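# A look at the structure
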Amino acid sequence: MTDRPTPPGDDHPDQDQPQVPGSGHEGISPVPMQQDTGAPQSTEPPVLQVADDDHEFSVEKKLDLTQKSYSQSQLVRRRFFRHRGAMVSFAALVFVTVMAFSSIGSQIPGLELPGWWGKSYTAGALVENRGRPTLQLWPFSLGEHPFGQDNAGKDYFALTMRGTQRSLIVAFTVGIASTIIGTVIGAIAGYYRGWIESILMRITDLFIVIPALVLAAVFGKMANGGIWPLALLLSVIGWTGLARLVRGEVLSLREREFVAAAEAIGTNSSRIIFKHILPNTIGTIIVSATLAIAATILIESALSFLGWGVRAPDTSLGLLISTYQNSFKSRPWLFWWPGMIILIIALAVNFLGDGLRDAFDPRQNRSAD
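Below is a summary of the structure that appears in this document. (Residues numbered from 1 in each chain as written. Predicted model: local features only at pLDDT ≥ 70, side-chain atom pairs only at ≥ 80, totals over all residues. Heavy atoms only, no water.)

## A closer look at the overall build of the chain
This is how the line gets drawn: A run of DSSP states H or I qualifies as a helix once it reaches four residues; a run of E qualifies as a strand once it reaches two. Both are numbered from the N-terminal end. In what follows, residue pairs with any heavy atoms lying within 4.5 Å of each other are defined as contacts. Here the Shrake-Rupley method, with its probe set to 1.4 Å, supplies the accessible areas, and only the displayed protein chains count as covering residues.
In terms of regular secondary structure, the chain is built from 13 helices and 4 strands. Considering only residue pairs separated by 6 or more positions, the chain has 68% of its internal contacts joining residues 24 or more positions apart. In the structure as shown, the chain presents an accessible area of about 22800 Å², 61% of it carried by carbon and sulfur atoms.

So, in structure tokens, the structure goes:
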């Protein structure tokens with residue numbers, strides 16, 4: 001039996017065929033392969049071998065199907081806890097606050113607490129070793145007077161803790177009260193607009209153009225040395241910045257679909273403002289509140305230093321610096337201890353504000369979330 005001759009030009013029929021995608025001929029080289037004509041030929045299509053397994057496409061490798069989803073509040077907490085500066089500042093602020101209120105006790109109405117430090121900030125004693133501090137870091141020891149003694153022999157640790165209490169009370173009261181005032185005024189102005197917005201914003205501008213320290217001095221003089229009147233009066237000048245921020249947020253949110261839907265079903269304005277709009281501005285409000293606390297610490301210290309804040313027989317950190325400013329060269333510890341605590345509180349609250357801003361800002365790029 002004779003073989004039928006192959007037509008001319010048909011030695012390699014696959015070379016002249018178009019390479020149609022999906023036909024199985026895309027990867028065939030036009031160069032003929034040297035094969036053993038005597039060996040049996042396989043009819044199965046060639047299998048492409050991939051040398052590197054990393055280049056193999058895999059849906060499981062591209063998508064992590066086991067990744068857990070988080071709510072908005074959980075994302076905020078995760079971002080805040082990952083902010084190292086905020087965590088260190090939070091620990092420092094908690095330590096200073098607990099130390100101030102637990103050491104000499106608290107006499108706040110409804111929050112009376114006994115103290116573990118045995119000395120009073122009002123009791124004098126014999127000045128020992130020129131009133132030098134007895135605190136030792138290594139080996140650690142508090143001694144009889146860890147922060148030293150003042151001119152009258154009073155324990156300076158107790159005096160400093162009392163001043164820290166007063167300053168923290170004023171700062172947090174002003175921060176909370178001014179936040180409430182600014183939030184309400186800004187929300188009302190942004191939602192109602194018209195003549196209501198014009199009146200509220202002109203009042204806000206009036207408080208802004210007057211220097212804050214001048215207003216604080218006037219209100220401090222009116223408070224007559226009491227911390228609660230001083231805190232409430234200082235709240236009057238601390239709300240203007242937040243009011244403008246909240247107004248801008250509300251102006252944007254009032255045009256959203258969920259507000260239009262709430263208005264369409266007859267929801268009253270107060271419920272729309274406080275239940276639908278303000279919860280979406282909580283990040284701006286919290287960050288502004290922390291910054292207001294830090295600013296109030298410095299303002300209260302400045303007023304007490306000038307004699308318009310807390311007055312004797314009570315004390316505050318600013319009043320301690322003012323009282324013993326002449327002892328800066330002879331006995332510097334009387335100046336440094338209250339100054340260091342003011343610095344710690346102000347920096348801690350500012351770093352907390354930065355951490356909260358990064359946590360609430362949805363534009364932050366956190367791939368690990």
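From this point, the discussion proceeds with the structure in view.
## Some points on the packing of helix α3 (residues 84-103) against helix α4 (residues 156-192)
Counted only if it meets this: Lines fitted to C-alpha atoms define the axes here, with helix axes fitted over just the stretch in contact, and angles between the N-to-C directions of these axes take values from 0 to 180 degrees. The hand of a helix crossing depends on one turn: near helix anticlockwise from the far one by less than a right angle means left-handed, and clockwise means right-handed. Ten residue types, Ala, Val, Leu, Ile, Met, Phe, Trp, Tyr, Cys and Pro, are classed as nonpolar, four, Asp, Glu, Lys and Arg, as charged, and the remainder, Gly among them, as polar.
Packing of α3 against α4 brings their axes to within 9 Å, and their N-to-C directions diverge by 120°. Between α3 and α4 lies a crossing of left-handed hand. Note on element contacts: α4 touches α3 through F157, M161, T164, Q165, L168, I169 and F172, opposite L93, V96, T97, M99, A100, F101 and S103. Within the contact of α3 with α4, the residues separate by chemical class into 10 nonpolar, 4 polar and no charged.

## Quick look at the nonpolar core
Note the cut-off: We define a nonpolar core as any set of buried Ala, Val, Leu, Ile, Met, Phe, Trp, Tyr and Cys residues linked to one another through side-chain atoms lying within 4.5 Å. For every residue, the accessible area obtained with a 1.4 Å probe (protein chains only) is divided by the maximum for its type, and the residue is called buried under 20%, exposed over 50%, and partly exposed between those limits.
Counting residues in each nonpolar core, the largest one holds 52 residues, and the members touching the most others are Y156, M161, L234 and I345. Every element with two or more residues in this core is listed here: α2 (72-81), α3, α4, α6 (212-223), α7 (227-234), α11 (282-306), α12 (317-323) and α13 (333-360). Residues in contact with I345, not counting those within four places in the same chain, are L93, V96, T164, L168 and I297. Counting residues in each nonpolar core, the second largest holds 13 residues, with Y191, L242, V259 and I272 among its members.

## Observations concerning the layout of surface pockets
To locate leftover empty space, one rolls a probe as large as a water molecule over the atoms. Our working definition: The method works on a 1 Å grid over the protein atoms by themselves. A cavity is a set of points holding a 1.4 Å probe that cannot get out, a pocket is an open set with protein on both sides within 12 Å along at least five of seven lines, and residues with an atom within 4 Å of a point line them. Grid points are joined across faces, edges and corners, and a volume is the space filled by probe spheres set on the points.
Each pocket or cavity is described by its volume, and for the second largest pocket that value is around 740 Å³. In this structure, the second largest pocket is lined by 33 residues; those nearest its centre are L245, G283, T284, V287 and S288. Per-element tally for the lining of the second largest pocket: the top contributor is α11, with 11 residues.

## Thoughts on the packing of aromatic side chains
Using the following cut-off: Two aromatic rings from Phe, Tyr or Trp, using only the six-membered ring of Trp, form a pair when their centres are within 6.5 Å; if the ring planes differ by under 30 degrees the pair is stacked, by over 60 it is edge-to-face, and anything between is tilted.
Under the definition given, this model contains 10 aromatic pairs. Aromatic side chains Y191 and Y192 sit 5.3 Å apart centroid to centroid with 90° between the ring planes, which places their arrangement in the edge-to-face category. For Y191, a relative accessible area of 7% corresponds to the buried category. Looking at Y192, the relative accessible area reads 39%, which means it is partly exposed. Within the aromatic cluster, the residues linked to one another by ring pairs are W116, W117, F147, F157 and W337.

## Examining unusual backbone geometry
A cis amide bond, omega -10°, links W138 with the succeeding residue P139. Looking at the secondary structure, you find P139 in the loop between β3 (136-137) and β4 (140-141). P313 follows A312 through a cis peptide bond whose omega is 10°. With respect to the helices and strands, P313 occurs in the loop between α11 and α12. We note that R130 has phi near 60°; this positive angle belongs to a residue other than glycine. Following the sequence through the fold, R130 ends up in the loop between β2 (111-113) and β3. Accessibility expressed as a relative area gives 47% for R130, which makes it partly exposed.

## Focus on α4
Condition: An expected span of 1.5 Å times one less than the residue number is assigned to each helix.
Its 37 residues give α4 an end-to-end C-alpha distance of 54 Å, which sits within 8% of 54 Å, the value for a rise of 1.5 Å per residue. With 30 of 37 residues buried, α4 is to be regarded as a mostly interior element. Positive phi shows up at R193, right after α4, with a value of about 55°.

## Re a nonpolar patch on the surface
The following threshold applies: Like charges within 9 Å and nonpolar side chains (Val, Leu, Ile, Met, Phe, Trp, Tyr) within 5 Å are joined into patches, using only residues over 30% in relative accessible area that form no salt bridge. One speaks of a salt bridge when a side-chain nitrogen belonging to Lys or Arg is within 4 Å of a carboxyl oxygen belonging to Asp or Glu.
Among the surface-exposed residues, L206, V209, I210, V214, V218 and M222 lie close enough to one another that they form a single nonpolar patch of about 550 Å² accessible area. Of all the secondary structure elements, the ones that give two or more residues to the nonpolar patch are α5 (194-209) and α6. Ranked by residues supplied to the nonpolar patch, first place goes to α6 with 3 residues. Here M222 shows up in helix α6. Taking the relative accessible area as the measure of exposure, M222 reaches 55% and is therefore exposed.

## Regarding the pattern of salt bridges
Scanning the model with the defined rule gives 9 salt bridges in all. As a salt-bridge pair, R166 and D314 come within 3.6 Å of each other at their nearest N and O atoms. Of this pair, R166 sits in helix α4 while D314 sits in the loop between α11 and α12, and the two are 148 residues apart along the sequence. As far as the burial class goes, R166 and D314 line up, both buried. Here D205 ties to R244 by a salt bridge, and the two come within 2.8 Å at their closest N and O atoms.

## Focus on the environment of A91
The residue A91 is located in helix α3 in this model. Assessed through its relative accessible area of 45%, A91 is described here as partly exposed.

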